[in-house]
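Structural overview
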Amino acid sequence: MNNRSQNRIIIDGVEVEFSNGETIYEAATRHGATIPTLCYDPRLNPFGACRLCVVEVEGVRNPVASCTTKATPGTVVHTSSPTLDLHRKTLLEMVASENDALAVDPLRGYASQELTQLVAQYRAATDRFAGQHSGHSKFEDDNPFILRDYNKCISCYRCVRVCAEQEGDYAISVMNRGFHTQITTEFNGLLRDSACTFCGQCVQTCPTGALGDKKALRFIEENI
Ligand code: FES
């Protein structure tokens, strides 16, 4: 048997091919499946933090994160079911309960409506787990380009990862854990004192609008 005939899995009842090294998420979405994600960015190494991309794999007891699970020949995958919907809705309710305002101006960053749209799609309650918040906003950050509104942060680490993996700058990092998680810079200082080049990649990848483009926001204030 050659590689081509070996590399097949069943996704939602359809046999599909995958390439060596591909994840279930990559194979499934390439063949038209829709799987929700929050910490996924196709440019970045899989991280597996949000668990929103879970799918059911026959023979595996618990749902698996499709963005970090490699496709293997013969696997039978289901990308949607009432159980998965409930799982995703509950995860979104946990995330949304931490987020003080889901409706964020789209001009803060092109990806900033991701969380808002998913919450609406799954009809997730936004106050079910209301309570403690992680992260403190850095409105006072004295730089002309990037707003850091961590009240809207969900700790997906996409900004941290894009800064390191795509830019090689390592300007953004993380301190503490759990509800005390804080996206920060070295010594929790200002961005302008860090290795940040203000490339804007972090703003573009942020799924919630926690990071904003100050120039775009100034334009809105002055013209609308
Ligand atoms: S998108 Fe797969 S765990 Fe977040």
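Remember, predicted model here, so these are calculated numbers, not experimental data.

So, about the domain arrangement of the protein. Its domain assignment divides the protein into domain 1 (3-80) and domain 2 (100-223). One C-alpha centre belongs to domain 1, the other to domain 2; they are set 28 Å apart. Residue-level contacts link ten residues of domain 1 with 13 residues of domain 2. Counted by class, the side of domain 1 that touches domain 2 contains seven nonpolar, one polar and two charged residues.

Relative to the assigned elements, Gly-59 resides in the loop between strand 3 (54-57) and strand 4 (64-65). Put simply, Gly-59 and Thr-72 are 13 residues apart on the chain and 13 Å apart in space, counted from C-alpha to C-alpha.

This part covers helix 5 (residues 158-165). Counting buried residues in helix 5 gives six out of eight residues, a clear majority hidden from the surface. Among the residues of helix 5, Arg-158, Cys-159, Val-160, Arg-161, Val-162 and Cys-163 are the ones counted as buried. Looking at the packing, one finds that the buried side of helix 5 touches strand 7 (172-175), strand 8 (182-185), helix 6 (201-205) and strand 9 (211-213).

This part covers the sheet that holds strand 5 (residues 76-78). Taken in spatial order, the five strands of this open sheet run 2-1-5-3-4, and their pairing is mixed. Looking at the sheet topology across the chains shown, the edges are occupied by strand 2 (14-17) and strand 4. Looking at chain direction, strand 3 and strand 5 are connected through two bridges and run antiparallel. Counted as the bridge partner of Glu-56 is His-78 from strand 5.

So, how was this worked out
- Residues numbered from 1 in each chain as written.
- Predicted model: local features only at pLDDT ≥ 70, side-chain atom pairs only at ≥ 80, totals over all residues.
- Domains from an automatic or database assignment.
- Contact = placed C-beta atoms within 7 Å.
- Nonpolar A, V, L, I, M, F, W, Y, C, P; charged D, E, K, R; others polar.
- Helix = DSSP H or I, 4+ residues; strand = E, 2+ residues; numbered from the N terminus.
- Buried ≥ 20, exposed ≤ 12 C-beta atoms within 10 Å, placed from the backbone.
- Pairing = 2+ DSSP bridges.

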